[in-house]
Amino acid sequence: MQAGKRLAPSRPISKASHKRQKPSLDADDSETNLVKEVHEWFTDPLNGGWLNPDVYITHNKTSGFHVRASCKLSSPTVAVCPLKLTLSYLNLDHTRDHVHHVESPLQKCLGKLPNHVLSYLVLIEQRSLERHSHWFPYIACLPSPAEMNTPVWFSEEDLKYLEGTNLVQATSEKHILWQNEWREALSTLKEAGISVLEISKYDIVSFKWAATIMSSRSFASMRVLPHIENNPILFPVVDFLNHCMEAKVDWDFSQQSAFSLNILDEIEAGAEIFNNYDPKRNGELLLGYGFCVPGSLVDAYAVKIRIPDEIRPLLQAEEWSPDELEDAEGQPHFLLARDYLYPRHGGNGQVGNIPPFLRGIPPFLTDITWLRLMHERNIKPRLELHPTRNGRILVAIIYRLLAAMKTLCDKVSGSYALPPPQNPRQVFAKMYSDGQLRVVESIHKELNAVLYKNTIMNGDTVGGPKIITVMEAFSQLEADFPMQYQGFIKGISKFCQLVAEDFDEVGNSDCEDEMWMYTLIFFFAIAFESKTTQKSKSTIDKWIQDLLTYYPLADLSSPPITEAANAVNHLQSRLEFSSNFDDWSKPWETVAALDSLGNHADPPISRLREKVIVWAVTVVQAEALRLPDHERLEVERYCMYMHCIGEEEKWMLEDVTAEEMQE
């Protein structure tokens, strides 16, 4: 919990009719008596607490112990808890003014244990004293271990409803933390000479109970005691107010004196009075407080981003220090759904001109994905190639992120195979899991809609930068170079043993990626020929020029890596063999002429045909996107982003609509 932030009671918000954790009292009359007792204790002049005469403490099964208005409030102040009623390790330190002092063997551990751990032990001790404790009426209102709903109290069956979410790991880490703190506490108690009998009351269940109470109901001590180290501190009765994110409240901390809670809303007679714990995400609410808010619009999916070793030098070149990199890896980053209550990443000028559909993605994740992409493609990172500025790179980033979101969706959706929840813990766990799935599904649909909206799969020519199949490339060839088109189509049909003009047959084939390689080789050849003969530039010419800015012709002094080399050798041999077919001879003559054309280039390009083959294989292996056919979703097509050099890419700043996300 950050300094100054309110640590909230371990109970659900009542506006959603959640059942709060209630104390282990069986009879209603016992609860009624306890309500009376805690009110009298709190407002006793010797204790100094104040409760607005227009409000009263009450109890029911839905809201547990809570506060309601008996009439319209005559004053906005609901309750005032003096510092001397607070409960924490400070009660052991008799040098502290303004707090109630207790005599305890735990005083021997002052300065020997972390203060927050010592506060857990004080709470356990005071609970064990029952009516001999100064705080008995308050402690009797606290939930028992059996009534805790935070995940550390979940059974194995309960935890199944969290599978695939971040809370599984977070719960495990909290278990380990509290186990280690408990062992350290026992060791310190023994070293302090405290008796075995006395130590026995501090068992692990009691320790976990106290830790849960302190973490869920306490406030930050720095609000009233700014001159000492910040630690959790319990303010009795004030923490009876349940949570509502819409509640308008004001916390007034008088230093070294008291905490006043003020309500800024109009409260009707009989209405429950709420506190506001700040807009916390359901993960934080469930892990710390034992409840969730249904349909929360501040839910987010936390991700930790690992920096691959191979791109650390690239980040350091961007002046990231080792400490900054360690901090970026250690802290969580958040995926945010489209309906997130506050501006998403990049909203309101936070992180520059981020495309609308990337604002649910942590900018650091986008940057890491970008640098990995640059490294894999052996392209030097430059500002003009950042996905916020470059459409080709943006398409590749979206494609990568889309696959990652699909993996997360599959991971989080595991709870859907489970039976309906059988207890409050499972209900809240399912609520949290559903919220996490909603976040990642929203981002997945958003990114998918962007690709779908900017993809053509109808065999037509291309207008503007688009993601296309090889069929649209064929149509563009027919439009730009009709004389070469017929020979090319006949040759590639025989070569691939299919009808190249049949959209469905090509989609069902297993050689669509090879067809792209042949097509790019041929496009390069006719574009290079038109360049040498000073013909006007076509769309295909501009496509090739654009691709060459990212993938220049390779230096053949060093062979390509094995995978590419195998593809190059295979393609070379197939092209040589295909030159014997009459139907292929025309297009092959154009490709074969590359070497002679290269000799007349300025400067001359030796082994041009071989370099073009390597180039085409490299481009397809780097750029090909496997996307579902628009008409047959079970069929994946090999697609490429084709963009004329110098052409505007306005689509990058266009958001997708809710309707487009449903297509």
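The preceding data block contains the structure.
Residues numbered from 1 in each chain as written. Predicted model: local features only at pLDDT ≥ 70, side-chain atom pairs only at ≥ 80, totals over all residues. Heavy atoms only, no water.

**Re a negative patch on the surface**
Negative charge collects at one region of the surface, where Asp323, Glu324, Glu326 and Asp327 lie side by side. Position of glutamate 326 among the secondary structure elements: in helix H10 (residues 322-330). (Patch = residues over 30% accessible without salt bridge, like charges linked within 9 Å, V, L, I, M, F, W, Y side chains within 5 Å. Areas by Shrake-Rupley, 256 points an atom, 1.4 Å probe, with all protein chains shown as cover. Salt bridge = Lys/Arg side-chain N within 4 Å of Asp/Glu carboxyl O. Lys, Arg positive; Asp, Glu negative; His and termini not counted. Charge placed at Lys NZ, Arg CZ, Asp CG, Glu CD. Helix = DSSP H or I, 4+ residues; strand = E, 2+ residues; numbered from the N terminus.)

**Details of the packing of helix H5 (residues 167-191) against helix H8 (residues 282-289)**
To characterise two packed helices, one gives the angle between the axes of the helices and the distance between these axes. Following both chains from N to C, one finds H5 and H8 inclined at 30°, their axes separated by 11 Å at the closest point. As summarised for this structure, H5 and H8 are arranged roughly parallel, according to the angle between their axes. The handedness of the crossing between H5 and H8 is right-handed. Residue-level contacts link Leu167, Ala170, Thr171 and Lys174 of H5 to Gly283, Leu286 and Leu287 of H8. For the contact of H5 with H8, the class distribution of residues is 4 nonpolar, 2 polar and 1 charged. (Axes fitted to C-alpha atoms, helices over the stretch in contact; angles between N-to-C directions. Parallel < 35°, antiparallel > 145°, perpendicular 65-115°, else oblique. Left-handed = near helix turned anticlockwise from the far one by under 90°. Contact = heavy atoms within 4.5 Å. Nonpolar A, V, L, I, M, F, W, Y, C, P; charged D, E, K, R; others polar.)

**Details of the side chain of histidine 643**
Within the secondary structure, histidine 643 sits in the loop between strand E16 (636-642) and helix H23 (658-662). Within the local environment of histidine 643, its side chain forms a polar contact with the side chain of aspartate 546, the two groups lying 3.2 Å apart. One polar contact links the side chain of histidine 643 to the main-chain carbonyl oxygen of glutamate 647, over a distance of 2.8 Å. In contact with histidine 643, not counting residues within four places along its chain, are Arg392, Pro465, Lys542, Trp543, Asp546 and Glu649. (Polar contact = N/O pair within 3.5 Å; in protein donor to acceptor, adjacent residues only side chain to side chain.)

**Digging into the nonpolar core**
Nonpolar side chains in soluble globular proteins tend to end up buried together. Core analysis: the biggest nonpolar cluster contains 108 residues, and Leu335, Phe474, Met515 and Trp615 have the highest contact counts within it. Among the elements that make up this core, the one with the highest residue count is helix H17 (residues 512-532) (13 residues). If we ignore the near neighbours within four places in the chain, the residues touching methionine 515 are Val470, Phe474, Ile492, Cys496, Leu498, Ala500 and Val506. Judged by nonpolar contacts, the second largest core, of 74 residues, contains Val78, Tyr89, Trp135 and Val152. (Core = buried A, V, L, I, M, F, W, Y, C linked by side-chain atoms within 4.5 Å. Buried < 20%, exposed > 50% of the residue type's maximum accessible area, 1.4 Å probe, protein only.)

**Regarding the sheet that holds E16**
Read across the open sheet, the 4 strands follow the order E13-E14-E16-E15; overall the sheet is mixed. Two strands in the sheet have a free side with no partner beyond their single neighbour: strand E13 (455-456) and strand E15 (625-628). Relative to strand E14 (residues 466-468), E13 runs parallel, the two being bridged by 2 bridges. Following the sheet pairing, isoleucine 456 is matched in E14 by isoleucine 468. (Pairing = 2+ DSSP bridges.)

**What to know about the pattern of salt bridges**
As enumerated under the stated definition, the model contains 29 salt bridges in all. Among the salt bridges present, the one from arginine 217 reaches aspartate 239, with a minimum N-O distance of 3.2 Å. Of this pair, arginine 217 sits in helix H7 (residues 204-217) while aspartate 239 sits in the loop between strand E6 (232-233) and strand E7 (242-243), and the two are 22 residues apart along the sequence. Between aspartate 410 and lysine 406 there is a salt bridge, with the nearest N and O atoms lying 2.9 Å from each other.

**Things to note about the side chain of asparagine 282**
Relative to the helices and strands, asparagine 282 resides in helix H8. Here asparagine 282 falls in the buried class, since its relative accessible area comes to 1%. Sequence-distant contacts of asparagine 282, defined by excluding residues within four places in its chain, comprise Phe291, Cys292, Val293, Ser296, Asp299 and Tyr432.

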